[in-house]
Structures are given as structure tokens and as C-alpha cells.
Amino acid sequence: MTINNDDVIKWLQTYDQVITENKDYLTDLDSIIGDADHGANMHRGFQAVVTKLPGVQDKDIGSIFKTVGMTLLSTVGGAGGPLYSTLFIQAGNRLNGKMELTLSDWAEALEAANNGIIRLGKAAVGDKTMVDALTPAVQTLLDASKDGTSFEEALHLSADAAKKGMESTIPLVARKGRASYLGERSAGHQDPGATSSYLLLKTAADVWTKE
Amino acid sequence: MKKLINKPEDVVLEELQGIEIAHPDLVKIHYDPNFIVRADAPVKGKVALVSGGGSGHEPMHGGFVGKGMLDAACPGAVFTSPTPDQMLEATKAVDGGAGVLHIVKNYTGDVMNFEMAADLAKGEGIDVEAVVVDDDVAVKDSLYTAGRRGVGLTVLMEKIVGAAAEEGRSLKEVADLARKINSQGRSMGMALTSCTVPHAGKPTFDLPEDEMEIGIGIHGEPGRTRMKIKPADEITEMLMMPIIEDLPFKSGDEVLLFVNGMGGTPLIELYIIYRKAVEIAEKHGIKVVRKLIGPYITSLEMAGTSITMLKMDSDLIKLWDAPVKTAGLRWGI
């Protein structure tokens, strides 16, 4: 199986719907340990992304990703804006000129994306951030691309790994972002950024493996 | 949610439209990307000051744009950092050839977005320096947090540094002055009630009728402790002592004392706090030589207060007293 630019567009459009459906949920998570804007910010950003997609749907996948990144940068705000923007721009740089994705392309693109986020946010696994969801998912994809796992199965495995990573943020004490101001009081709550990151990978698995 | 708004998504836009109609003598508004610049920008040969942050803290920052204070302000969505494209365009619009100082409150999003904007502006040949304000003693400053938040001191910095830029000081001098102010000012706040972000539609946190949050941030972020409400004098003591001990302020120091309202607290209560804060300062031999009392850095409709003390010297006093003409602060003109 390979993923073409139509699939990528479908994934982004579906993620916009998923964010719309989960807007209040993400905001609720954020109001417990942050500042109650993650759902609204992601919603604003992906609504803008969806309007840009028709203009780039025939372009290579790298261009689509970079357009998404630049759109998020100017519409999301907060910390989520630069971080999600970096995710798409870094992944896009790896996907320049590609009209189709293989499992190893996807694994390498997400690895670059996660590294970009780690650099910008100065976060590590265990800091209670989106990195906690992305890192195990990236590792799963890299492993799968080496041991002959199918792309379909790898997508589901990476979504499962992201889910576990997201859930692993619940007991953690936040060390980055606004939640860190709470110190010990941030423990016991799931990180909203890890949640939206999980949803991104879950949506890829759902959309790209649907027959 | 009971608010005087039309639609949550139009709050910032309609506020800007109101400012544009109300203060054409002071500011111009640019839309898409959104920013506010002083009416006579760019001022040739003057260092320009650009600040910005989430909306919901009015009059900060847009209300501080004008002669003697900011050259531009970038409003984000409510409680959300503005974006690099806004900051870049604002920076270009106010650059008078002497460079631009970005005044950034220490929040993860604000710092990241301003860093990206500064890089973009430098790429276009503009001399940019950034100063990060982190005066909130309620947050433990350690490797394991995002660091102290920027709160009340931001207002004082924007006024004093604005006067220095107006006087014709260089970008380096203005940036050094801002860093000096950050190093000798401290703040702490408290809340009696939560605030409601318009697009969230419900209070950010639940605070029972008989409780208060000590060490609150300006976005409703929880602080150090939650406890039963106490008389104003005791609350003032709980805010003043961590401030005095942190710097520390010493006997003989001269200070500017700023008692800020969080948005939902009336002036009558702020004067009660001010009265006790001066008494506590004097008891420690600290002389209050300048003051500011009122809602200047707010958190929507949150009830509560914050206290900021800034150690003054003759230069800072002269700059504080210098003329300022903005919608939010105005004297001497």
C-alpha cells in the first residue's frame, strides 16, 4: 500500500472534522491544567487549513504539508501554533516532490517532525507534552518499516502507541508549557497536546486503511 | 455565560473596530494580520517598542500604544499568543530605522512566536532585540517549569522603556533598561473568582464562594494555594511578603507600588489593598515613591488583585514621570 496526495487531503479534511467534534473535549482538558484554548485554537487552524487544501491538492505531498504548516503558524497562536506548524513543515521537508508515501517515508517524515518539535519546545519524553504521544508512535513506525510489517498494520500500531503515550501523560507532573506552573497539581490529568497528537495519528490510521 | 458580546469568534475583531473608532488620534488598526500601531508610526530615528499577547488583559497591550509607551501591540485570540506574521508586520510598520524592541511576557507560546517573528524580521534587515518579562513570584523558577510568568511588571516596563525610547536612547540602552527593570521588579496575584473565556463558555476553574486562589496567573492558571477567604489586610500581607522576600527589597529601597485589579474587582477594594500594602512596605523601611492603582493588566472578569513592586532610582522615576498619551495611561500631555 502507498498513500497518495488524495489520501493526504482526505486525512487532513477528516482531522478537521475530528477536531471539530473534539473541540470542547480538548478545551476541557486544557482548562484543567492550561488555559482553556487548545480546542478552539486547533479548530481555528484546521478550518483555515481546509480552505487552503483545494489550492494544493495536485501538488506533491511535501508542498501540501508545508502549506498546512504555514497556515497553522498564522492561525493557531499559543504554543500549539508553532509546534504543530513545525510538525508539518519538518515532515514536509522530508516529503518534497513525493506524490506517494511508503511506510518508510511516513516513518522518516514523522521522525523529522517529532525532532523539530523537541528542538523548538525543548521538551523530552516524560515532560507531559505532545512529545509523549509522538515519540512512541514514531519509534513504532521506524521499527515496522524495518521488520516488514505492512503499512496498514503499522498505522494501527502507531496509533495504539500514540494512545498509550497520551495516556502515559496522566500521572506525569508537567515540566513544560503552562501546565508546569501547577507543579504536582498537574498530575492526574491527560495532556491536551498529547491528545490532539494522538487524534492526528488515529485519523491517519482510520482514513488510510479504510477500504 | 453572561457577556456583552455578539459571537465569541468576533470578540477580538469587534474590540479592534471599537478602538479604531474611539481613538483615531492615538492609533491606527491593521487587520489581517491584526495589530495596533501608534497614529504617527513609524517615528523616524526612534527605537520602536512592540509587545503583544493574548487578548483579555485590556487595557494591556493595545491600550498602551501611543506617545511615550508602545509603538505597536499584537493582540492574539483571548488568552492565546498572537502569531509570528502579526508580529513581523507590526515590527516592519513601526521600524523607524533605530531598531525594534520586542517586549515578551514569559509564556511558552508568546516566547516561541516572538522568537520566530524576530528571526523573520532580522532576515528582512531590521535590528530586533527581545526582552522577556518574568516577574511572578508565585511560580517556582526552576528547570522543571516554563519559568516565572510575566505579569504586572510588564505594564511598568512598557511605560518606563517607552519614555526612554521617546527620549532618543539607542536600542541597546533601551533593551538594557528593560532587563534592569525585569531584574528589580516582582509581582504576585490572587483571585476571588474565575474568569470565562468567551469561546470556552464556562469558567476556567471552579472556586467555591468562600475560597480564594493565592498566586493566580492572568489566564486563570492556578497558583500556589487555595484557601478560605480572609480579610483584605491578611490577603495583602500574603501577597506582599513573598514579593519583598524574593528580590529581596531592603530597608531604604525606594519603590513604585502597583496595585492592579484583575478585571472584576472595584477600585474601592484596590484602595483598601493599597493602604495596607504601603503600611507593610513602610514597616520594612521601604519607601513608596510612585504608585499605580487600577485595572491595567486584567484577566477578563476575574475578581482579584495583583501587587507589583519595582525598585526605583532617579532615572526610572524621571522616565515614569515623563509624558505618556495612550488610551490606558495618560499624563503630562
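Cut-offs and rules
Residues numbered from 1 in each chain as written. Chains lettered and ligands numbered in written order. Predicted model: local features only at pLDDT ≥ 70, side-chain atom pairs only at ≥ 80, totals over all residues. Heavy atoms only, no water. Pairing = 2+ DSSP bridges. Helix = DSSP H or I, 4+ residues; strand = E, 2+ residues; numbered from the N terminus. Axes fitted to C-alpha atoms, helices over the stretch in contact; angles between N-to-C directions. 1 Å grid on protein atoms, 1.4 Å probe; cavity = no way out; pocket = protein on both sides within 12 Å on 5 of 7 lines; lining within 4 Å. Points joined across faces, edges and corners; volume = space filled by probe spheres on them. Nonpolar A, V, L, I, M, F, W, Y, C, P; charged D, E, K, R; others polar. Contact = heavy atoms within 4.5 Å. Buried area = accessible area lost by both parts, 1.4 Å probe. Salt bridge = Lys/Arg side-chain N within 4 Å of Asp/Glu carboxyl O. Polar contact = N/O pair within 3.5 Å; in protein donor to acceptor, adjacent residues only side chain to side chain. Domains from an automatic or database assignment.

Colleague: How would you sum up the sheet that holds strand β6 (residues 100-105) of chain B? Please name residues and give values.
Modeller: All names here are of chain B. The six strands are arranged β1-β2-β5-β3-β6-β7 in an open sheet whose pairing can be described as mixed. In this open sheet, the two strands that pair with only one neighbour each are β1 (27-30) and β7 (128-133). In this sheet, adjacent strand axes meet at a mean angle of 20° when their direction is disregarded. Sheet analysis places β1 next to strand β2 (residues 35-38), joined by four bridges and oriented antiparallel.

Colleague: Could you give an account of empty space enclosed by the protein, naming the residues involved and the relevant values?
Modeller: One pass over the structure, following the stated rule, counts one cavity of 30 Å³ or more. The volume enclosed by the largest cavity comes to roughly 590 Å³. Lining the largest cavity we find 38 residues, and of these Ala79, Gly80, Leu83, Gly177 and Arg178 of chain A sit closest to its centre. Elements with a contribution of two residues or more to the lining of the largest cavity: α1 (5-33), α2 (38-56), α4 (80-94), α5 (103-121) and α8 (192-208) of chain A together with α3 (108-123) of chain B. Split into classes, the residues belonging to the lining of the largest cavity amount to 15 nonpolar, 15 polar and eight charged.

Colleague: Tell me about the interface of chain B and chain A, residues and numbers included.
Modeller: In this complex, chain B contributes 36 residues to the contact, which on the side of chain A involves 29 residues. Interface area for chain B against chain A, summed over the two sides, is near 2500 Å², with a carbon-plus-sulfur share of 57%. At the boundary of chain B with chain A, the tally comes to two salt bridges. The partner of Asp28 of chain A in a salt bridge is Lys202 of chain B, with the nearest N and O atoms 3.1 Å apart. Where chain B packs against chain A, one counts nine residue pairs in polar contact (both at pLDDT 80 or more). Put simply, the parts of the chain that give the side of chain B that touches chain A at least two residues each are α2 (84-94), α3 and β10 (225-228) of chain B. With six residues, the top contributor of residues to the side of chain B that touches chain A is α3 of chain B. Across the side of chain B that touches chain A, the residue classes break down as 14 nonpolar, 14 polar and eight charged.

Colleague: Give a description of the layout of surface pockets that names residues and reports values.
Modeller: Of the voids in this model, the largest pocket is the one considered here, and its volume is about 830 Å³. Lining of the largest pocket is provided by 31 residues; of these, Arg44 and Thr75 of chain A together with Glu9, Asn34 and Ala77 of chain B occupy positions nearest its centre. Of all elements in the fold, only α2 and α3 (61-75) of chain A together with α1 (11-22), β5 (72-78) and α2 of chain B reach the threshold of two or more residues within the lining of the largest pocket. Taken together, the residues of the lining of the largest pocket sort by class into 13 nonpolar, 12 polar and six charged.

Colleague: Lay out the domain arrangement of chain B with the relevant residues and their values.
Modeller: Residues and elements named next belong to chain B. Each domain of chain B was delimited in the assignment, giving domain 1 (9-184 + 321-331) and domain 2 (185-313). Each partner contributes to the interface: domain 1 provides 32 residues, whereas domain 2 provides 36 residues. Surface buried jointly by domain 1 and domain 2 totals about 2700 Å² across both partners, of which 61% is contributed by carbon and sulfur atoms. Considering only the surface of domain 1 that becomes buried against domain 2, Phe79, Val137 and Gln184 emerge as the three largest contributors, covering 24% of it. The interface formed by domain 1 and domain 2 holds three salt bridges in total. The salt bridge partner of Arg290 is Asp321, with a shortest N-O separation of 2.6 Å. Between the two partners, domain 1 and domain 2, sit 15 residue pairs in polar contact (both at pLDDT 80 or more). Counting only elements with at least two residues in the side of domain 1 that touches domain 2, the list comes to α4 (153-166) and α5 (171-183).

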